[in-house]
Structure formats: structure tokens, C-alpha cells
Protein chains: 2
Amino acid sequence: IIRKKTFAEVQTERLEQAERTILIKCPSKLNENKLLQYLSSHGNIQSHFLFENHGIHALIEFSEKNSIASLQDAIGIPSAVERHVVPFKSRLFTFMLKNPVSQAAEGTPVHLSPQSHIPVKDLIQKLCHADSISSQMYILLNEYQLTEENIRLRFLACSLVRDFARAYFPDSVVRPFGSSVNTFGKLGCDVDMFLDFHDTQKSATKMKKGPFEMEYQMKRLPSERLANQKILSVIGDCLDNFGPGCVSVQKILNARCPLVKFSHQPTGFQCDLSVSNSIAIKSSELLYIYGSLDSRVRALVFSVRCWARIHGLTNSAPGAWITNFSLTMMVMFFLQKRSPPIIPTLDQLKVLADDKDMHVIGGYDCSFVSDLSKIKPTENTETLDVLLGEFFEYFGNFDFRKNSINLRKGKEVNKPESSPLYIWNPFEQDLNISKNVNQPQLEKFVAMARETAWILQKEDKTQRMINKEPWGLAVLLIPFGKSNHSKMKNKVKGIGSETIRSLLESLKLNSASSLQKAVEK
Amino acid sequence: IIRKKTFAEVQTERLEQAERTILIKCPSKLNENKLLQYLSSHGNIQSHFLFENHGIHALIEFSEKNSIASLQDAIGIPSAVERHVVPFKSRLFTFMLKNPVSQAAEGTPVHLSPQSHIPVKDLIQKLCHADSISSQMYILLNEYQLTEENIRLRFLACSLVRDFARAYFPDSVVRPFGSSVNTFGKLGCDVDMFLDFHDTQKSATKMKKGPFEMEYQMKRLPSERLANQKILSVIGDCLDNFGPGCVSVQKILNARCPLVKFSHQPTGFQCDLSVSNSIAIKSSELLYIYGSLDSRVRALVFSVRCWARIHGLTNSAPGAWITNFSLTMMVMFFLQKRSPPIIPTLDQLKVLADDKDMHVIGGYDCSFVSDLSKIKPTENTETLDVLLGEFFEYFGNFDFRKNSINLRKGKEVNKPESSPLYIWNPFEQDLNISKNVNQPQLEKFVAMARETAWILQKEDKTQRMINKEPWGLAVLLIPFGKSNHSKMKNKVKGIGSETIRSLLESLKLNSASSLQKAVEK
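Residues numbered from 1 in each chain as written. Chains lettered and ligands numbered in written order. Predicted model: local features only at pLDDT ≥ 70, side-chain atom pairs only at ≥ 80, totals over all residues. Heavy atoms only, no water.

As recorded in an unreviewed UniProt entry, chain A goes by Mitochondrial poly(A) polymerase and comes from Otus sunia.

Asker: Looking at this structure, how should I read the overall build of chain A?
Answerer: When you go through chain A residue by residue, the secondary structure sums to 20 helices and 15 strands. Every one of the 521 residues in chain A was classed for burial, and the buried ones make up 56%. Of the roughly 22,300 Å² of accessible surface on chain A, a fraction of 52% belongs to carbon and sulfur atoms. (Helix = DSSP H or I, 4+ residues; strand = E, 2+ residues; numbered from the N terminus. Buried < 20%, exposed > 50% of the residue type's maximum accessible area, 1.4 Å probe, protein only. Areas by Shrake-Rupley, 256 points an atom, 1.4 Å probe, with all protein chains shown as cover.)

Asker: Where do I start with the state of the cysteines in this structure?
Answerer: Here is the idea: a disulfide is a covalent bond, and it sits between the sulfur atoms of two cysteines. All names here are of chain A. Across all of its chains, the model carries zero disulfides over all chains by this definition. We note that cysteine 189 lacks a disulfide partner, and the nearest cysteine sulfur, in cysteine 271, lies 11 Å from it. For cysteine 189, a relative accessible area of 17% translates into the label buried. The closest cysteine sulfur to the non-disulfide-bonded cysteine 366 is located on cysteine 257, 15 Å from its own sulfur. (Disulfide = S-S within 2.5 Å.)

Asker: In this structure, what is going on with the relation of the copies chain A and chain B? I would like to understand it.
Answerer: Comparison of the two chain copies shows a relationship of rotation about an axis with a shift along it. Note on the identical chains: chain A maps onto chain B by a rotation of 180 degrees and an axial translation of 0.0 Å, with an RMSD of 0.1 Å. Those values place the two copies in the arrangement expected of a two-fold rotation axis. Minimal C-alpha separation from the rotation axis in chain A is found for alanine 167 of chain A, amounting to 2.2 Å. (Least-squares fit on C-alpha atoms with pLDDT ≥ 70 in both.)

Asker: I tried to follow the interface of chain A and chain B on my own but got confused; where do I start?
Answerer: Often, the extent of an interface is quoted as the loss of accessible area on bringing the components together. Chain A puts 75 residues into the contact, and the matching count from chain B is 75 residues. Buried surface at the junction of chain A and chain B, both sides included, amounts to about 8,000 Å², of which 63% is carbon and sulfur. Among the residues of chain A in contact with chain B, Tyr216, Gln217 and Lys219 of chain A are the three that bury the most area, contributing 12% of the side total. Between lysine 89 of chain B and aspartate 171 of chain A there is a salt bridge; the shortest N-O distance is 3.4 Å. The interface formed by chain A and chain B includes 30 residue pairs in polar contact (both at pLDDT 80 or more). Ranked by residues supplied to the side of chain A that touches chain B, first place goes to helix H9 (residues 224-242) of chain A with 11 residues. In the side of chain A that touches chain B, the residues fall into 40 nonpolar, 18 polar and 17 charged. Looking at chain direction, strand S4 (residues 92-97) of chain A and strand S8 (residues 212-216) of chain B are connected through five bridges and run antiparallel. (Contact = heavy atoms within 4.5 Å. Buried area = accessible area lost by both parts, 1.4 Å probe. Salt bridge = Lys/Arg side-chain N within 4 Å of Asp/Glu carboxyl O. Polar contact = N/O pair within 3.5 Å; in protein donor to acceptor, adjacent residues only side chain to side chain. Nonpolar A, V, L, I, M, F, W, Y, C, P; charged D, E, K, R; others polar. Pairing = 2+ DSSP bridges.)

Asker: Which parts of the structure should I look at to understand the pairing of strand S5 (residues 173-177) of chain B?
Answerer: In regular strands, side chains alternate between the two faces of the sheet. Residues and elements named next belong to chain B. Among the five residues that make up S5, four are buried, leaving the element largely enclosed by the rest of the structure. Looking at chain direction, S5 and strand S6 (residues 191-196) are connected through five bridges and run antiparallel. If you follow valine 174 over to S6, its bridge partner there is leucine 195.

Asker: Please clarify how the UniProt feature "domain: RL" (unreviewed entry) in chain A should be interpreted in this entry.
Answerer: Taken from the UniProt record, the annotation "domain: RL" (unreviewed entry) applies to residues 6-74 of chain A. Between the end C-alpha atoms of residues 6-74 of chain A there is a gap of 39 Å, over a span that is 45% helix and 29% strand. (UniProt positions renumbered as here; feature names shortened; annotations may be inferred.)

Asker: I'm lost on the nonpolar core in this one. Help?
Answerer: Here is a general trend for soluble globular proteins: nonpolar side chains tend to be buried in one another's company. In this structure, Leu300, Trp307, Leu388, Phe395, Phe400, Ile405 and Phe445 of chain B are the most contacted members of the largest nonpolar core, which totals 94 residues. In this structure, Cys128, Val181, Ile433 and Met448 of chain A belong to the second largest nonpolar core, which totals 90 residues. (Core = buried A, V, L, I, M, F, W, Y, C linked by side-chain atoms within 4.5 Å.)

Next comes the structure, spelled out in C-alpha cells:
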């Protein structure tokens, strides 16, 4: 048995790997071997892949970091016609053919790693060929989850931004957090990253020898927030003015968490850079643990999120919508509530924590076990077919009016205040992570969950497969009342007016009026 | 005979020296030896000095650059009470006593190198004890010129700014130019510095191997000016936000030569940072050559400039005043016109240039000899007593209406346009370096030169020394019509009304009206 790596180990490995990595823009017709041969004079290439992003790009991982220095020394800055360049030397290069016409002929077909997921239409086609809802959910997971290559590209983006920060703060690190690292990221999601001065601050011991001490002269500011704002502002300007392919740089410095948004063209990511956010990284680690414990966890989350998006319950724009993070937490809570539970509560994870897992950040207890092998595997053997239906039934029946969702305890707790949807922030226990959700959005979610539960119960898989109609998960990913399949369109239309009544019956609610009560404040 | 170093050699040496140098803020009571002992564990100290600048500071030159890295590793960032610092690690440190009260007692008297010149009042006192005007002029030169220590501090300021630029442009250098290096700088003058990407651009050779080439991806901009503006803007922000003691940062990016002004508190200098200014450095080198050829050159320039400042002919604020640079060029021109000449013309210096001295910058020929030993020493043996008087007489009589001053040819040339004062830019030959000077300012200069020439001729040194009155150069440094010496006040006042008439006579002009003509357009 290979021990599963801790979150911190994975992060450290990937950050180090990204430091040995470069990105090369290539001509459209390329002989991959010749490129590798060309580069190998600077060092051994550990791994590489090609991808399409407004032209072909190659990500190259050298075995040794100093191979990059050797390459950088040998390479020139663009000259000749377009000579007004900002001579900032990054790890982004352009590879050209001296004689494009004749050399293009030598180009060989190359394998391009996809960096975006397939369209929903194509996904639905694929799902129809599966033999169970479980299989469908794993297909969806495989199509949507971040690939090894995409994760490398995300860490490279962070590492390239680190080069900017390191210019002034040599010990600083830019770390990805959130969906890029918590195992729940979807291809195409933003890269959240933060600038970590942690190492710098650790070394705050003054040089004391004999009766003297000595320290750096440094700019002093009245608050840490102001210091962070100034640092982010300057780094934002550096990215904007010096960073090749860093465009649409936006400083949002007066937000609760000051950040710089920018589009990083070479990797194709939309990035959000903030400063030291230790609790955010603990949240990422917690989800990493939940996502790694049991394969059903991620499959269920991806399916539920895809369903929510298609039915307009989530939205990438800010607003009263349920966020993907809240939705993921709701799935986690559901999985904690199964009997036997599929994942442990946060309190249980805290009991397993050892000394080095103890972290108190800003007065909040963020301690939980980091070693996955210490967590006993679940004895629950329910299939994803069952779990999907039960998820919708569980939240279709949840008493949101009275109860809040608490992952630390793994049980419903009386709402501490009147927000329509209350999900405890797992670490900052005085915060509701779904404070933004309003009553209409919550009602929409509950109604949709009930309709979905009803559809899953009614499903006649065999009949639908014979009719070559979408079935199972595929049905849930077509907006109800619409269909891209003419036969299904008729059937789904038939549901229309009867939906709510049947739904209520199927959910065995005591009275029709309880639907309203369940979601009202 | 020790060969005099070329300008480039001096610059390179001093820049390298500055890279091995740090600056430490010390307690007011200091045991110098204990500080040195404390530091010596990181490497051999090549030289050091102490100076006062809002507290005692020590400049320390290590023998090896890596001693600084060793020291930096051992030193912490300020912590405890005032914790919100921008953790940028520079070469500026604070040295503290752990037990200030008892340790202060161990403080020993320290020698402080002066970083500013003595007040004019004190200078005049000193001049009165000299035995000739020549001696007076050398005393003034010695009191006002940059000291070895002050020059080191200037190069250190550049080197510290270089650390900011180097963060993004590792091959860049920040070079001082103008008065800091041209041998004509006065204690207290601003530090003009520019960011030089020269080395970066030299390496613009692409990596070409086989049929491929590779280059950096870089931000492209429509003009070099725009690139420079953006780079200066970001570096200005970095200085402002990260640089300890960098205050009052002002970006003046829309000027003909975009620049960032800032006050550098640790060294006490007012700094102007611009981007690559190759012609400015050639001007500095030309003045360096003139200043190094003959000791009388700098003595005359310093005396004339001090005289001009006291009589309100120059001013540090921008305006229609004659600049120090113009005034210096007028002295150079005067020295070219002596018979035999004291310094060669620029055309003569060009004839002596060898292949490596050939420089054409922006289409302008900036070639002249760099090796001082190739220039034949002057045969002129006139004393400074004579030269000072002759200078004022020469420019009192100069036909500014008709003639311009051309240092390249070393002779009067018909004015190419109607500016009141026309001094050819030695390299950009289509520019007048004194275009800013208006007719009233020029008339004031001419009148003052004539009055001064007259005073020098009338001087009775012996009588004045017996009377313990200011004499010689000292008289010229007291505003005419004023005096801080009661006896002299009476005498000088006596001159008043008769001044112009007597002056005209002494200058043997053909008619009184020629004074006006000489300065009119």
C-alpha cells in the first residue's frame, strides 16, 4: 500500500516542480522531438506536454532548476522590428522556425492535452452509453476534473507570479488555494493564489551578539492591511507593466480581502492574487482530505455542481446564488449524515490531530489531522445511484427555516441568526459561508432538489435506453422543460403542470403547505 | 608617474565598491571599534567612515560582496511593537545597544566626516587668512568640492536604487551622472542617476542552433519612451512603498526626459532617477577630463559659481537664471580662449580619440579621447589671480548680441538664433544649453561681471589686510552693497552710485552706450 501524501507534501512537491518548469510558445507546425532535442543541451527534461491556447504551447519540466538559468543565459530578447520591449526575463519563451515554410513540412502530428472540459451536449451523449448512474457520475468526474497537466499549469502560473514577488521578497512563495488544489476544481476554473511571507516572518530573530543587536531598516506602516495593500498594488503594477501576457490587471484593494485580478494569457488562466490567507489554505486542505478519503465524494460533488449550474442555481457572477463552495459543503454535510457516515466530522478529524497538526490562526482553531492514513475508512457501501437520489431528497426535506449546517459537528444545529441558508464556516465559526443566499434562491434550490428527486425515482432506465433517450444523470443535466432530444422533449413537457403535486406526494410530506414552510424564514 | 584613470575606469571601480557597501544607523553614543568587531565576523572590512545625518551613520565597505549576504542572513526584520513592516531586505541596517544606558558610557568620541560645506560666512573668514587670491580659490575649492566619503555615499545611493531595478532587470545598472561624477560637484548637490539597460540590450543575440531560434516573451510597447515611462513609474512605486527612507517620491513622466525625484533619507540626498541617458554621461566625462587636466580649472569654476550664486545669478529653482552647467561651460570656453589655451577644444579632443573612443549616440558624434595621458599639458602658466579677473573682464566685454559660445571649436561663432545667451550643446549641436536665459538675466550677469572686474582691479590687498577687512575673493562673495563686516559695509556702500561710470572707464569701452548694445538682442 502506498501511503497517500498529505496536502502539504503535495503542495511542496508541486511548487518545487513548477520552479523547474518553463513555458514555450511554438509554431503551429512543430516537430516535437526537435524541440526537445534543442532544449536538452541545457539539461535533462523530466516531463513535458503540449497544449493549445491561442497557438501551440509546450510546458517543459527540467530535472534541475539550473537548466533554466542555462537556457535563459543563451536566449536573447526580441530585437529588430518590434524593438520596444520591457526587458524583463521570465520563463516564457517563443520558439521559432528560421525557415517556416520548409520546416513546417517536417512538423509531425502532436498530442495536445485538453485544458477545458467537453461541452455539456457532448457530455450528455457520453453519459447515455454508461450502464449505471454511478458510472455516469464517474464519467462526468473524469471529464470535468482538473487533469495532471492542468494542475501543473496552475502551479506554473503561481510560480511565474512568485518570480515577481521574489524580486523584492526573496523568501516569499505564491501558493494556489481553493479549487486548484482542493481536488474539487473543474477544468477552466479560476486560479486563486496568495502571496505568503510566512518564511520571512519566521526569521524575525534579530542578530544578537554580545551587548548589541542589529535589524533591517524597513518601511513601517500603521496596519498590516495597509502593508498588504501597498505590496499587492506594486506587484499588480509589475505584472501589468512587465509581465508578458499579463493583461486586464484589476486592483481590488478595498475589499475585505484585498486582491489583484488579472488574466494570464500564456497559461490561459484568470487569476486572483491576494496576500497570506492561512485560513483559506486550511479550508483547501480540509476539502482535499474529504475528496481523497472516498472516491464517491468527488463524484457526487461534481454531479451536484453540474446539475446546479445547468438549472441556474449557481452562477460565476457574484450575487445571491449559492456558491460552489457552499454547495460542496452541503454535499460534505450530507455525507457526514449517512449511516454509517461516509466522511468524518471536523471534530472527529480534530481528535485525530497530532502536535504538528495544531494550528490556531487569528484566534480560530484550525487543527485537524493531516495524515490521511490515520482516518479509518468508511464502512458505508451505498452506491452513487442511491447517494445521488438521497442527496436531493435530503435537501428537499431539510428544515432550512430552523436548522443550520455544521460540518464541525456533522449535525443540524439551530440557526444562530435568520439568514435563509446558514452554513457554518468550518474555521471561522462566527461566519456563515452562505450569507449571500436570499430566500428566493433558496426556494428555487429546494424546489429543484425535490423535482430532481422525483425524476430520479420515476426513471425507467431500460425503457429510455431502448428509446435511445437520455437517462439517469443525463436527464438531470438537461434544463427541465427543455430537451435537445425530440422524443424526450415530449415526455419532459408532459411533466409540466403536474410536477409539484406529484413531487410532494413522492416526498411523503405531511401537507402541501409544508413546502413553503420548509424554505420560509 | 601614476597614470590618471579614465572616467569609465573610475565609474566602474566606484560602482563595484558601492556593491560591497552597507549603511548602518547607529546610536548617538557609539564605540566604533565594537561596531567594527561586531561586523568583522561576516568578512574583512576594507574601509569605513561615520557621518551625521539625523543621527550617526556608518558606511562600511566590505572586501567581498558575499560578506553582505552573510550579514543579511544573520539579521532579522523589526518585530515586536511596530510589526507592520514591508519586509524588503536592503543594505540599510539599524545597530542598537541592548542596554542603552550602561553601554552609552562606553561610547568614545568618533570622527564624523562632514557631508555638507561650511556656511559662506565661515568661508569668508577662512579666505581672509590666505595669502593670495589663488590660495583663496583653492581654499574655496577644498571646502566645497565633494569629498571622497561623499562620493562613496552617492555611489551607494545609486547602488541601493540599482537593487530595486535589478529585481526585475538583473543586468541593469544605476549610474550617477552630472555633478556627482564630473569633478565639479559641490557638497549638498543633488544626485542625478539613470537606469542603464545597456548590458541587457547588448545580449540581444537570439539563441540560434540548427534551424531554430528562441527568444523571450516580453511586453511590447509602441515606443521606447513609453517603455521607459512605465519602467520608471513602477520603480518609483517600489521606492515609495518598499524603500526604507525613500520619501517624497514624485514621478515626472511627461518631461522631455521622464524622471522620478525622491528624497533618500539614509544618505541624505535628493535624487533624480531617469532612464539611459548616454549623452548626459558623455557630458559628464567631458567635464571630468577638463576638470582633471589642470588644477586651475576646478578652482576657477567653483569660485565663479559661488560668486554667481551669492549675487543671485544662479538659483536652484528652475527659471530664466543661468544654470551651473552653462556657467561651467562659459568658464571652459574662457579657458580654451586663453593664449596659450589652458584646456583643448572638443574638436582637438576628438582628433586624439582612438577606435574605442568613437561613439555616435542618437545620430550625434560624441567621440573624444578618454585617455588623459594622450592630452598634452598646457603651457599656460597664468595664475588664478589673473584668470579670475580676466574671466569677468572677458564676459563683461563679450558680444552676446552677435556671438555664441562653441566649445567644440573653442571660438565665438555667430548666433544661429536669437536667444539672448547661446551656448552650443557640445554633443547635440542643434541645442542651446542656455535657451532658458532671458535678456534681463543676461544683462544682470554682464553688469555683475563688469562690477566684479572693476572691484578686483581696485583691490588694495595690503590695506584691507591691515584693516582686518575681507579682501580678494572674499569681497566678491559678499553681496555688493551689503556686508557682514561693519567697516567694509561703509566702504562698499561708498561704491554705489559711481559704480557703472567707473566700471565703463576701467573696461575701456568705446562709449557708454555699448554696455547696452553688448547685451541687447
